[in-house]
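# Architecture at a glance
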Amino acid sequence: MFIAGKKTSELKSKIVKEVICPKCSSASSTKVSVIGTYKHLFQIPFLSGGKHGKSVCSKCSHSIELAEMPSAIKLAYYELKETTKTPIWFYIGIISIKVLVLIKIFSKYF
Ligand SMILES: [Zn+2]
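Residues numbered from 1 in each chain as written. Predicted model: local features only at pLDDT ≥ 70, side-chain atom pairs only at ≥ 80, totals over all residues.

## Details of the nonpolar core
Selection rule: Put simply, a nonpolar core is a cluster of buried Ala, Val, Leu, Ile, Met, Phe, Trp, Tyr and Cys residues tied together by C-beta atoms within 7 Å. Any residue with 12 or fewer other C-beta atoms within 10 Å of its own C-beta is exposed, any with 20 or more is buried, and the rest are partly exposed; the C-beta atoms used are placed from the backbone. Secondary structure is summarised from DSSP: a helix means a run of H or I of at least four residues, a strand means a run of E of at least two, and numbering begins at the N terminus for each. C-beta atoms are placed from the backbone for every residue, and two residues are taken to be in contact when these atoms lie within 7 Å.
Judged by nonpolar contacts, Val 16, Val 19, Val 32, Ile 64, Met 69, Ile 73, Ala 76 and Tyr 77 together constitute the single largest core of eight residues. At three residues, the largest contribution of residues to this core is made by helix 1 (residues 71-82). In contact with Tyr 77, other than residues within four places in its own chain, are Val 32, Gly 53, Leu 66 and Met 69.

Structure representation (structure tokens):
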């Protein structure tokens, strides 16, 4: 059973029109994605584990990890990442604990 672990979630993606797929030479078929990683406990997201990138061609399914991306795709990825915020639910576990602690503190006064 998975009590704690890491999961990934696609945060944002975009077709990069200017990029030509290095494998099948199709234009407007490369999709760049910003993927967020989070650590979870009992399936509840607790902490953000950073972001990474991936690109996939919709024509030939050729996928490229960030480290191997040609510079044109890498550039598009960094542009996309600039506008991608870490979603608040990545921290829902830690927020819930803080809220519970606050409720406990305040409940003493009522
Ligand atoms: Zn392709």
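## Quick notes on helix 1
The condition that has to hold: The span you would expect from a helix comes to 1.5 Å times its residue count less one. Read the arc as the range of directions from the helix axis to the C-beta atoms.
The terminal C-alpha atoms of helix 1, which comprises twelve residues, lie 16 Å apart, in line with the 16 Å expected from a rise of 1.5 Å per residue. For helix 1, every residue scored as buried is listed here: Ile 73, Ala 76 and Tyr 77. All buried residues of helix 1 project into a common sector of 105° when viewed along the axis, lining one side. Facing away from the buried side of helix 1, by more than 90 degrees, are the exposed residues Ser 71, Glu 79 and Glu 82. Where helix 1 is buried, its residues meet strand 1 (4-16), strand 2 (30-41), strand 3 (44-57) and strand 4 (63-65).

## Describing helix 2 (residues 92-107)
With 16 residues, helix 2 extends 22 Å between its outermost C-alpha atoms, agreeing within 8% with the 22 Å of an ideal straight helix rising 1.5 Å per residue. Burial analysis of helix 2 places just zero of its 16 residues in the buried class, a small minority of the element.

## A closer look at unusual backbone geometry
A positive phi angle, close to 60°, is found at Ser 25, a residue other than glycine. Assignment of secondary structure puts Ser 25 in the loop between strand 1 and strand 2. Despite not being glycine, Ser 28 shows a phi value in the positive range, around 55°. Take Ser 28: there are 14 C-beta atoms within 10 Å of it, and that puts it in the partly exposed class.

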